[in-house]
There are 2 protein chains.
Amino acid sequence: MKLVESVPNFSEGRRKEVVEKIVAEAKKYDRVWVLDWSMDADHNRSVVTLVGEPENLINALFDMTKKAVELIDLRNHTGQHPRMGAADVIPLVPLYNVTMDECVQYSKILGKRIGEELGVPVYLYEKSATHPERENLANIRRGEFEGFFEKIKDPMWKPDFGPDRVHPSAGVTAVGAREFLIAFNVNLGTGDVRIAEKIAKAIRFSSGGLRYVKAIGIELKEKGIVQVSINITNHKKTPLYRVFEMIKMEAERYGVPVLSSEIVGLFPLDSLIQTVSYYLRTNLNSKKVIESNLLDILVKEAGK
Amino acid sequence: MKLVESVPNFSEGRRKEVVEKIVAEAKKYDRVWVLDWSMDADHNRSVVTLVGEPENLINALFDMTKKAVELIDLRNHTGQHPRMGAADVIPLVPLYNVTMDECVQYSKILGKRIGEELGVPVYLYEKSATHPERENLANIRRGEFEGFFEKIKDPMWKPDFGPDRVHPSAGVTAVGAREFLIAFNVNLGTGDVRIAEKIAKAIRFSSGGLRYVKAIGIELKEKGIVQVSINITNHKKTPLYRVFEMIKMEAERYGVPVLSSEIVGLFPLDSLIQTVSYYLRTNLNSKKVIESNLLDILVKEAGK
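Residues numbered from 1 in each chain as written. Chains lettered and ligands numbered in written order. Predicted model: local features only at pLDDT ≥ 70, side-chain atom pairs only at ≥ 80, totals over all residues. Heavy atoms only, no water.

## A look at the sheet that holds strand E8 (residues 182-188) of chain B
All names here are of chain B. Quick note on the threshold: A pair of strands is treated as paired once DSSP finds two or more bridges between them. Put simply, DSSP marks the helices as runs of H or I at least four residues long and the strands as runs of E at least two long, and each gets a number from the N terminus on. All axes are obtained by fitting lines to C-alpha atoms, using only the stretch in contact for helices, and the reported angles, taken between N-to-C directions, cover 0 to 180 degrees. The contact criterion used is simple: two residues touch if any of their non-hydrogen atoms lie within 4.5 Å.
The four strands lie next to each other as E9-E10-E8-E11, forming an open sheet whose pairing is antiparallel. Only two strands of the sheet have a single neighbouring strand rather than two, namely strand E9 (213-220) and strand E11 (258-264). Neighbouring strand axes in the sheet, compared pairwise and without regard to direction, differ in orientation by 20° on average. Sheet analysis places E8 next to E11, joined by six bridges and oriented antiparallel. Considered in E11, the bridge of Asn185 is made with Glu262. Lying over the sheet, helix H7 (residues 240-253) contacts E8, E9, strand E10 (225-232) and E11, oriented at roughly 20° with respect to E8.

## Concerning the domain arrangement of chain A
For clarity, the cut-off: Where each domain starts and ends follows an automatic or database-derived domain assignment.
By the assigned domains, chain A splits into domain 1 (3-177) and domain 2 (182-267). In this structure, domain 1 of chain A and domain 2 of chain A have C-alpha centres spaced 28 Å apart.

## Points about the interface of chain B and chain A
The line we're drawing: Buried area: the accessible area, evaluated with a 1.4 Å probe, that two parts lose upon being put together, summed over both parts. For this document, the term salt bridge refers to a Lys or Arg side-chain nitrogen within 4 Å of an Asp or Glu carboxyl oxygen. Nitrogen and oxygen atoms within 3.5 Å of one another constitute a polar contact, given that in protein one can donate a hydrogen and the other can accept it, and given that sequence-neighbouring residues count only through two side-chain atoms. Any residue outside Ala, Val, Leu, Ile, Met, Phe, Trp, Tyr, Cys, Pro, Asp, Glu, Lys and Arg is labelled polar, Gly included; the first ten of those are nonpolar and the last four are charged.
Taken together, the 46 residues of chain B in the interface contact 46 residues of chain A. Summing the contributions of chain B and of chain A, the shared interface buries around 4200 Å²; its carbon and sulfur component is 74%. For the chain B face of the interface with chain A, the top three residues by lost area are Leu280(B), Arg281(B) and Ile290(B), together amounting to 18%. On the surface where chain B and chain A come into contact, there are zero salt bridges. Linking chain B to chain A there are 20 residue pairs in polar contact (both at pLDDT 80 or more). Where the side of chain B that touches chain A is concerned, the elements lending two or more residues are strand E1 (3-6), strand E3 (32-40), H7, E11, helix H8 (269-279) and helix H9 (290-302) of chain B. In terms of residues, the side of chain B that touches chain A owes the most to one element, H9(B), which gives ten residues. Split by residue class, the side of chain B that touches chain A holds 32 nonpolar, six polar and eight charged.

## Here's the deal with the packing of aromatic side chains
Quick reminder of the rule: Between 30 and 60 degrees the pair is tilted, below 30 it is stacked and above 60 it is edge-to-face, where a pair is any two Phe, Tyr or Trp rings, Trp via its six-membered ring, whose centres lie within 6.5 Å. Here the term buried applies to any residue with accessible area under 20% of the maximum for its type, exposed to any over 50%, and partly exposed to those in between, with areas from a 1.4 Å probe on protein chains only. Put simply, a charge is over a ring when the Lys NZ or the Arg CZ is close to the ring centre, within 6 Å, and near the line of the ring normal, within 35 degrees.
Under the defined criterion, the tally for this structure stands at 15 aromatic pairs over all chains. Between Tyr279(A) and Tyr279(B), the ring centres sit 4.4 Å apart and the planes meet at 0°, which makes this aromatic pair stacked. Here the residue Tyr279(A) occupies a position in helix H8 (residues 269-279), and Tyr279(B) occupies one in helix H8, the pair thus bridging two chains. For Tyr279(A), a relative accessible area of 9% gives the class buried. One aromatic cluster in this structure is built from Tyr241(A), Tyr278(A), Tyr279(A), Tyr241(B), Tyr278(B) and Tyr279(B). Here the basic side chain of Arg211(A) rests over the ring of Phe205(A), its NZ or CZ set 4.5 Å away from the ring centre. Over the aromatic face of Trp157(B) sits the side chain of Lys151(B), whose NZ or CZ is 4.2 Å from the ring centroid.

## Concerning the UniProt feature "domain: Formiminotransferase N-terminal subdomain" (unreviewed entry) in chain A
Put simply, the rule reads: UniProt positions are given in the numbering used here, feature names are shortened, and annotations may be inferred rather than shown by experiment.
UniProt records the feature "domain: Formiminotransferase N-terminal subdomain" (unreviewed entry) at residues 2-179 of chain A, using the numbering of this structure. Annotated as 35% helix and 23% strand, the span residues 2-179 of chain A places its first and last C-alpha atoms 16 Å apart.

## Some remarks on the environment of Lys300(B)
With respect to the helices and strands, the residue Lys300(B) is situated in helix H9. On the basis of relative accessible area, Lys300(B) is assigned to the exposed category, the value being 61%.

## What about the nonpolar core?
Quick note on the threshold: The criterion is simple. A nonpolar core is a set of buried Ala, Val, Leu, Ile, Met, Phe, Trp, Tyr and Cys residues joined through side-chain atoms within 4.5 Å.
Counting residues in hydrophobic clusters, the biggest one holds 102 residues, and the most contacted among them are Leu188(A), Ile230(A), Leu188(B) and Ile230(B). When near neighbours in sequence (up to four residues on either side) are disregarded, Ile230(A) contacts Ile182(A), Ala183(A), Phe184(A), Asn185(A), Val186(A), Ile203(A), Val213(A), Lys214(A), Ala215(A), Val243(A) and Ile247(A).

## Digging into the environment of Arg204(B)
Residue and element names in this part refer to chain B. Tracing the chain through its elements places Arg204 in the loop between helix H6 (193-203) and E9. Taking C-alpha positions, Arg204 is 13 Å from Glu250, a pair spaced 46 residues apart along the chain. If sequence neighbours within four positions are ignored, Arg204 has contacts with Gly209, Leu210, Val213, Lys214, Ala215 and Ile216. There is a polar contact of 2.8 Å between the side chain of Arg204 and the backbone oxygen of Ala215.

## Some remarks on helix H2 (residues 54-71) of chain B
Where we set the bar: A helix is expected to reach a length of 1.5 Å times the quantity of its residues less one.
Its 18 residues place the ends of H2(B) 26 Å apart at the C-alpha level, agreeing with the 26 Å of an ideal helix rising 1.5 Å per residue. Turning to H2(B), its buried residues number three or more, namely Pro54(B), Leu57(B), Ile58(B), Ala60(B), Leu61(B), Phe62(B), Asp63(B), Met64(B), Thr65(B), Lys67(B), Ala68(B) and Val69(B).

## A short note on the relation of the copies chain B and chain A
Selection rule: For the least-squares superposition of copies, only C-alpha atoms count, and only for residues with pLDDT at least 70 in both.
Superposing chain B onto chain A takes a rotation of 179° plus a shift of 0.0 Å along the axis, which leaves an RMSD of 0.1 Å. Each copy turns onto its partner about a two-fold axis. A symmetric contact is evident, with 100% of the interface residues of chain B recurring at the interface of chain A.

## Quick notes on H8(B)
Within H8(B), nine of the eleven residues are buried, which leaves the element mostly enclosed by the surrounding structure. Along H8(B), the residues classified as buried are Leu269(B), Ser271(B), Leu272(B), Ile273(B), Gln274(B), Thr275(B), Val276(B), Ser277(B) and Tyr279(B). Looking at the packing, one finds that the buried side of H8(B) touches helix H7 (240-253), H8 and helix H9 (290-302) of chain A together with E8, H7 and H9 of chain B. Just beyond H8(B), the residue with positive phi is Arg281(B), at close to 55°.

## With respect to the pattern of salt bridges
Inspection of the entire model under this criterion finds 43 salt bridges over all chains. A salt bridge links Asp160(A) to Arg134(A); the nearest nitrogen and oxygen atoms lie 3.2 Å apart. A residue pair is termed long-range when its members are at least 10 positions apart, and Asp160(A) in the loop between helix H5 (144-151) and strand E7 (173-177) and Arg134(A) in the loop between strand E6 (122-124) and helix H4 (137-141) qualify at 26 residues. Residue class for Arg134(A) comes out buried when judged on its relative accessible area of 1%. Through salt bridges with shared partners, a single network forms among Glu25(B), Lys28(B), Asp63(B), Lys67(B) and Glu70(B).

So, in structure tokens, the structure goes:
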């Protein structure tokens, strides 16, 4: 059995009944499992974590998008998080017996259906991008829903699928294959946010740091401490432990203690195995983990 | 679905066809999975790793024992590893939705059948032990097959199940519920085995070290280095990282580098999560691991 993960983001984080209806669309399908979903009222955004067999998963994501287009109207949408569509972004992540190239193909099948059947312009991003400037989601989303009515007229921003005009209430949607993303926060024992900012700058790709790291420094006011907030966009090539040790190293320069870290949301077993292999000076793999063996067997049986 | 793990040890490590016949008995059962099996010719012993639903697993273990009793004759058995029975020891480990108390009950069901139907005396050990001196398997096995013909006459060593006389060719068998055991080796950059022995002594329970650690120092002659070879008998209470860090600490005293470590055989996801939580100063749990969520779902579906 092939398994793909998807973490679609919808631009609704306040009306629970709407998000539940979107999630319900996924639950209609066999061999598609909703692992988790959450809403954020400040961001006015919800995130669903799904795993499934490719064909059923694509159908489920299409139905969820269709429901989101019906129920979400971006003309009335406010929230802290930038957004451009009712179904804002739909990433596909290879999880099991599946290659990145296959996920790129699946993203094109899904994008084509959303564009043609729902009349929502679709941009392929990350590994599915058809132009280098579309790899980074932030480039596509720049200008947001409101700005897209102009942006879409620029030939450089002609959509990959669907009409050449923004859907009046549902905007535009990004679909793409990508590596698993790990959201990782490290808390520092100081109230001085400039130190978190300096460390973020030291470790992130954009200012000379690690290739697959995005990072910002933020203040946790209620706790009186600061945090380096990180996205690792390819944890196989920039592993968790290397990011953590580099933060420890930089924090030492300021005499600031590293208090704790947290991984936000779900993370893959691989990232645990890498971390343990480093610290215990060994070379583990998932074949040695009991639960992983059991999963292999049950995935095979479920695929019969 | 409830899942129990078992790692039965059979006293045959040279005749592959015999071990294959024993393993084949387990494969007859639905919802029993053979994750791994291996033979050691020097030890003249084989170890099978099974996972299954309790009822089927117990039946599989009974059939494997029956086959071992048929095909293995301890009167002709030589090997480095101490042994007392054709099926030497059968541990039951709670893996999924199952308590240690339930595993104790299962071990009694299995022990009773082996004793009564196969005529092999059975001793309950570890958490299933009926006397404190039977908790430690080494106490039961002391004297081995050859010594048991006298030992069994001592009222203190009356079997828990089966006849009061040793099976003439198949000896006696130990059955018991226990925690998962992690076999863990740490390699040191020296050829002086006394340093490995001193470190083993420092960390093991029997000489004042960590509660759930057994350890010896050995020489790896072909590599020109030495090794601390460890069994962690309860990794929840004596975690892997604590053992490793204590070895690093002691090795420093001798100016000897810790080169690498290795985990022998399979290990549970829990032990990875503990280790990562320590080194990254965080607090993870299996609910955050994608594969673990997927396993939960598939175990539920397989149980339907």
